[in-house]
Structures are given as C-alpha cells and as structure tokens.
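Residue-level structural notes
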Amino acid sequence: LRLPFLDDALAGLLSTALPRMSAALTAPAGTGKTALLRRLRSGLPEARYHVHYVKVTGLSKRDMCREIAVACGAQPAGSYPMLVRRLQERFETTAHNEGRRPVLVLDESHELSPDVLGMLRILTNFDMDSRLVLSLVIAGQSPLRSLLARDDQEAMARRIAHYAQLRLLSRDELAQYVAHRCAVAGSARVPFDDRTLDALFEIGRGNLRATDDLALKSLDYAATAGHTTVSVQHVIAARKDLWP
Ligand SMILES: Nc1ncnc2c1ncn2[C@@H]1O[C@H](COP(=O)(O)OP(=O)(O)OP(=O)(O)O)[C@@H](O)[C@H]1O
Ligand SMILES: [Mg+2]
C-alpha cells in the first residue's frame, strides 16, 4: 500500500543512500519498517547499487562482521580486525570493479550493542573519511534513537545524514490498509463496515501488525459464526483472545 507518509519516509532514505550517505529509520514494532526497507532495496537500481540486508540479533562485533561477510559474499572467517579489513576491501572492490555502490541495510538495529554500532562506524571509514564508499541504513525500534544519542556514539550519529520515522495509521489510512489487504488476499469486497473499522482502529491504534492480527482473528470468528461481514462483537472477541 502506498501512503503519502510512507512514500515520504522512503524518499528521504533514497535521497540519502543515492549519494552514498547513511540513514536511520526508527519506528515502533509492527509499523512497517521491514516493508519499507524492501521498497528501498527495489528503489535502488540494481545496476548501480549492491544492497546487502542483515537482520541483526544480539551479536558480538566479530559475529556481526561474520554475518555481514556472509551477506556480502565475503569469507566469514578470521579474527575481528581481519574481518573488518576484509569487509572494507570487499566494499571497495564492489565500488571499483563492479561499479556498484554498496549499501548495507541493518534491520532490528535497536538490538545492537553500543560496541557493535561503533564497529559499523569503522566499517564506513575509508581513507580517514575522505571518501564515501559504503552507505549504511540502520532500522530499528525507537530505542535505536536513544542508542545513537549516547555520548559514546557521537561519531556514529554524525555519520547519519538523515533520520526517517514512521507513525501509526490514521483512521482513514487504516480503512485504506484493510481494503488493500483484502484486495491482495483476493477478496472482491471488504468484509468490514465502518463501525467495525472504528473498532479495529480503536483497539489496534493504527499499528499495522496489531491490525493484521485483530482483523484476521475477527474474520475467523465471523466465518465460524457463518457471517460474511465482521461485526464489532467479533472484533471484541478477537481482542479478548489476542490480548487477554
Ligand atoms: N506499505 C505496506 N503495505 C501493505 N502492508 C504493509 C505495508 N507496510 C507494512 N505492511 C504489513 O504490516 C505488517 C508489519 O510490517 P513490518 O513487518 O514491515 O513492520 P516492522 O516495523 O518491521 O515490525 P517489527 O518491528 O516487528 O520488525 C506486515 O504484515 C507487513 O506486510
Ligand atoms: Mg521488521
């Protein structure tokens, strides 16, 4: 689904990654970060950009380097300093030999430890910062912003040329979202009327994932009862199931 605020966030990320700068995307859980990163990837022409996607979990610096190496097709073995050097060489090779700009996308970055974030900063360092080779796009839940605001992350924070944020859907956007999901699922009509959409909005608060869960569960309830339209009662029953 294309919504203006999502398009704006995407445009901000693209206009940062295109000239090899780095960006951060922060938003609460389930509000469309990963989906937006997928659009970012397809928005960067493959002939000129080499996008590497890494989904981060709590890793040490060395293990993180190994994960990135695997994503980049570099050998994931060796000591930590050796891995950093190999990755930097890899990014330079991509840039020079293939003529493609490397972009490293890190999802779930709020789980990064401060020293791993510092390591990422080192990865983007070429010729003492005189050249921009690698763009970093780090995405994560809101604690990522506090992580970047720490005193010891000042160098990394300075690297981030653009901060994008996502918000919850409005009532009107929620209706568009539900209609879109129904259409994608192959339904010729939207089995939620205005009052039911109000209930979905009130309970799910415009969070995409909460809306998904609630809408699906209430569809189950409606189907079990033999109804072709979901009622407010089905939504309330679904809420009790999901968030007792
Ligand atoms: N633009 C969109 N159009 C249609 N569906 C979307 C869109 N953006 C997100 N979604 C759907 O909303 C749900 C949540 O999105 P997504 O997984 O991207 O959120 P997230 O912010 O990455 O969540 P988390 O913090 O848990 O990783 C998914 O089911 C996804 O398919
Ligand atoms: Mg995600």
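Restricting attention to buried positions, one finds in helix α5 (residues 114–123) the residues Val116, Leu117, Met119, Leu120, Arg121 and Leu123. As for α5, its buried residues are in contact with α3 (61–72), α4 (80–97), β3 (101–107), β4 (135–140), α6 (143–149) and α7 (154–159).

All right, on to the domain arrangement of the chain then. Once the domains are mapped, the chain shows domain 1 (4–165) and domain 2 (171–242). Once you take the C-alpha centre of each, domain 1 and domain 2 turn out to be 36 Å apart. With five residues of domain 1 at the interface, the matching set in domain 2 holds four residues. Buried surface at the junction of domain 1 and domain 2, summed over both partners, amounts to about 350 Å²; 51% is from carbon and sulfur atoms. When the area that domain 1 buries against domain 2 is broken down by residue, the three leading residues are Phe5, Gly30 and Thr31, summing to 77%. Applying the counting rule to domain 1 against domain 2 returns zero salt bridges. Between domain 1 and domain 2 we count three residue pairs in polar contact (both at pLDDT 80 or more) in total. Here the side of domain 1 that touches domain 2 is composed, by residue class, of two nonpolar, three polar and no charged.

Below, the discussion takes up the layout of surface pockets. By volume, the largest pocket amounts to about 590 Å³. What lines the largest pocket is a set of 26 residues, among which Thr31, Gly32, Lys33, Ala35 and Leu208 lie closest to the centre. Residue assignment for the lining of the largest pocket shows that the elements contributing at least two residues are α2 (33–43), α8 (171–184) and α10 (208–224). Here the lining of the largest pocket takes six residues from α2, the largest share from any one element. Partitioning the lining of the largest pocket into residue classes produces 10 nonpolar, seven polar and nine charged. Two domains share the lining of the largest pocket, each providing at least three of its residues, namely domain 1 (4–165) and domain 2 (171–242). In terms of lining, the second largest pocket is formed by 13 residues, of which the most central are Arg181, Cys182, Ala215, Leu216 and Leu219.

Quick notes on the rules
Residues numbered from 1 in each chain as written. Chains lettered and ligands numbered in written order. Predicted model: local features only at pLDDT ≥ 70, side-chain atom pairs only at ≥ 80, totals over all residues. Heavy atoms only, no water. Buried < 20%, exposed > 50% of the residue type's maximum accessible area, 1.4 Å probe, protein only. Helix = DSSP H or I, 4+ residues; strand = E, 2+ residues; numbered from the N terminus. Contact = heavy atoms within 4.5 Å. Domains from an automatic or database assignment. Buried area = accessible area lost by both parts, 1.4 Å probe. Salt bridge = Lys/Arg side-chain N within 4 Å of Asp/Glu carboxyl O. Polar contact = N/O pair within 3.5 Å; in protein donor to acceptor, adjacent residues only side chain to side chain. Nonpolar A, V, L, I, M, F, W, Y, C, P; charged D, E, K, R; others polar. 1 Å grid on protein atoms, 1.4 Å probe; cavity = no way out; pocket = protein on both sides within 12 Å on 5 of 7 lines; lining within 4 Å. Points joined across faces, edges and corners; volume = space filled by probe spheres on them.

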